[in-house]
Each structure stands twice: as C-alpha cells, then as structure tokens.
Amino acid sequence: MLLTSTQHALLKSPFSSQSPSPSSFSPRFRMSSAGPALPPLPDNRIVVVGCGSVTLDFLAAVATYPKPDDKTRSTSSKVQGGGNAGNALTCASRLGLQPRLISKVADDSQGKGILEELEADGVDSSFIVVSEGGNSPFTYIIVDDETKTRTCIHTPGYPPMIPDDLTESKLLAAVDGARLVYFDGRLHDTALVIGEQATRRGIPILIDAERRREGLDDLLSLSSYAICSAKFPQSWTGAPSVTSALVSMLIKLPNLKFVVVTLGEDGCIMLERSNEKGLTEPVDVDELLVALKYKNDTKTTLPTCVASSEVKLHAKGIGTVGGRLLLGTAENIPPSELVDTTGAGDSFIGAILYGFNSIALCTNMPPEKMLPFASQVAGINCRALGARTGLPRRSDPRLTSFLV
C-alpha cells in the first residue's frame, strides 16, 4: 500500500505506544500443558438487562439457493431459539453474566420452547410477557452452503408488545441492580420507557443500530454506546465515508462514548470519544484509517486490533471530535470451517456486553482487547448452524487468553 506524506506522519504520531500488542491477546499463546486456570465466577454475577426480539428459528441449509418454483432438499436443518436480543443475551450468559430479557411471546408451543431454551442457558425470562392466544414470533432461515449467506423470512409475534404489558413494579424490578441496559432497536415504545428509567438511575445503555427503525432515534439519544451494521452510519448521517459518519454520529449524539461499526469479514471500526482539551491539530479521519490499515498485522489469521492515540478527529464538511480510532480485524476462518453467519453480529454484541463487565478481570476490558475478543466469539459461532449452536462458553480454550 502506498501512503501519502500525511499518512506517513500519522503513523509516527497518533498511535499510542502504550496500547497492548494485539498478539498479546492471541488465543493461541504459549502456556503450560495444563493451561492457566480461569478465575471462579463471583456469587453475585453482574446483571445485564436486554429488551428486544426473541423468536423461534427454523433453519435449513441447502447446497445452492433455489430458483423460483424449484424444489430442493436441505443438507442439514435445525430448530432453535433466535432473535437479536435473545441471541446476544444467551451469548452473554454463556460467558458468565446474568442477563434479564424483556420481550413477549404467546402461550403456544413455540413460545414455550423459546422460554425453556432461554432458561436452560441461564437467561432470566421472568420479565418476558406471555400473551393468551396469538402467536409467538418465528423466522425461516435458508443457509446457502455455496455462498455462505443466509436469507431470513420473519413473522412477527401477535399481539405486539406495548409498554402497558409491563407494570411499574415489574419495570423497576427488571432494572434493579443492572449494570448495563441493551436494546436491539425493536419494541421501541417499551424500550423507550425502560431507557428513560435506566437514564434516571444512571445506568448506561448500549444500542444495536442494525438499520433505521421507528423510534430508533429516541433510543440513540439516550444511549452511551452504539454498535452499528456496516451500512447504518452512512445511511443515518448521509456522510460520504464510514469513518466520517462515525464522527458525525458522535457530534449528533453527545451522550455517545463510543460507536462501533461491524464490517463482516473485514472486521470492525470503533471511534471512542475523549476530551478535546490539550489535543494536537486536527487529523483527517479518513487518512487516519488508511494509516491504521497499513499498521495492521495482515499475517495472522486471528482477530487483532490497532489504535490511534487520542487526537482531534476531523471529517471534512462535518466537524471535529476528540477521540481515538480503532481498527479491528475478523478471524480468517478457513472455508471448510465456515458453516453459517446467522447471529454473528448478535454474538459480537454479547461478547461486548461481557467486555464491559468482565468478571474474570474484575474490570472493563480495554477496547484493544474487547474488539478482538468479540470477533473471536463471533468467529467461533460461525462454525455451526444457527445463531446459538456454536456460541462458546466461558470455559472454551479458544477464549482462555482473554479471560486470565
């Protein structure tokens, strides 16, 4: 890659010399044959509250996606729980947190199965509303073995959840003792009520901004952290590039402490806010990203992260914010091991929830460690059919180096 003189200068100055080396977080570090022991889970596990979708997923893998009016046979199939919030909190529970989920199902067989699976994974479902009659939400998912893509056909639950489904006492009990509240952008009316209660109690909010939805702007305005799909930042801001869109989001949303955009096999980009006081001259955020890409280790197949130091990040025609730009890579999964990307984003978020509230470290993971950890969890999950089948548990040896 050829760099401009400006980008060469960026390589010399904006990178923090104190940032941990990505290789120090590699899950394949050398250790004794017995391996390091994980610290025990505390008696009072950290509580995370989530509000959003739960579904039953009907998955079918096919050799190639069928053409109209074709008939085909599945190469494998599975029925299991799904939904963004359900998946993310299941991931967080397997890693060691104590999640509570606020959602709604019907009193049908599908709803019963959804609740039983959540409880079996340690997710508190006592705040999930069960309606009499109606139908629980479900999704048909077709996984193309050839292209490694998935197509989803979702049927919403009925009747839909409304704020009145939660009594005031139930709402207060749900957020009591919570360290973080998470929304997947759905059930926006109910989520807004919960978000306002969390804000009054000083509980930070993490929002999954997958795409523009009704009520999402109100939830974004309350949020301390945002994790976005690849297209959302530019769609929401109208900015010409992903990095300039992240700057725009921090300007438009003064409560945001950081925003992450996930880019699939291309990893992720994070913009972390800091105070502008005492920082040097503005640095063009697009040029800084190019410099980060140049610095990144392209030889390893494991997730890595490189970060700038704190600078004034400038986006042309948009403005300037103080902060750091971080570039994380995804795991380079061999084609023979890649099975299904369903729920990859949800598992990434579940790992971020854990990173905020790291039991093993008794402190929050620094972003340089949290991003590779989340990418590692997502990579592990892509090796099995469905959003939850491959979700790793805390004891998975591929996560050991992050947790000791």
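Up top you'll find the structure we're talking about.
The structure presented is a predicted model; accordingly, all values stated were derived computationally and were not measured. (Residues numbered from 1 in each chain as written. Predicted model: local features only at pLDDT ≥ 70, side-chain atom pairs only at ≥ 80, totals over all residues. Heavy atoms only, no water.)

Peer 1: What's the story with the overall build of the chain in this structure? I'm lost.
Peer 2: Across its full length, the chain carries twelve helices and 17 strands. Here the chain holds 404 residues, and the buried ones make up 53% of them. A separation of at least 24 residues holds for 71% of the contacts in the chain among residues at least 6 apart in sequence. For the chain, the accessible surface area stands at approximately 18100 Å², while carbon and sulfur atoms represent 51% of it. (Helix = DSSP H or I, 4+ residues; strand = E, 2+ residues; numbered from the N terminus. Buried < 20%, exposed > 50% of the residue type's maximum accessible area, 1.4 Å probe, protein only. Contact = heavy atoms within 4.5 Å. Areas by Shrake-Rupley, 256 points an atom, 1.4 Å probe, with all protein chains shown as cover.)

Peer 1: Explanation requested: the pattern of salt bridges in the structure shown.
Peer 2: Two side chains bearing opposite charge may form a pair once their charged atoms approach each other closely. According to the stated counting rule, one finds 13 salt bridges in the structure shown. Residues Glu331 and Arg383 are paired through a salt bridge, measuring 2.9 Å at the closest nitrogen-oxygen approach. Residue Glu331 is found in the loop between β17 (319–328) and α10 (344–356), and its partner Arg383 is found in the loop between α11 (367–381) and α12 (400–403); the two are separated by 52 residues along the sequence. Note on Glu331: relative accessible area 11%, which makes it buried. For Glu337, the salt bridge goes to Arg383, with nearest N and O atoms at 2.8 Å. (Salt bridge = Lys/Arg side-chain N within 4 Å of Asp/Glu carboxyl O.)

Peer 1: What is the right way to read the packing of helix α2 (residues 84–95) against α10 from this model?
Peer 2: When two helices pack together, their arrangement is given by the angle between their axes and by how far apart the axes lie. Packing of α2 against α10 brings their axes to within 8 Å, and their N-to-C directions diverge by 45 degrees. What the angle tells us is that α2 and α10 run oblique. The chirality of how α2 crosses α10 is right-handed. Across the interface between the two elements, Asn84, Asn87, Ala88, Leu89, Cys91, Ala92 and Leu95 of α2 pack against Asp346, Ser347, Ile349, Gly350, Ala351, Leu353 and Tyr354 of α10. When grouped by side-chain class, the residues that make up the contact of α2 with α10 number nine nonpolar, four polar and one charged. (Axes fitted to C-alpha atoms, helices over the stretch in contact; angles between N-to-C directions. Parallel < 35°, antiparallel > 145°, perpendicular 65-115°, else oblique. Left-handed = near helix turned anticlockwise from the far one by under 90°. Nonpolar A, V, L, I, M, F, W, Y, C, P; charged D, E, K, R; others polar.)

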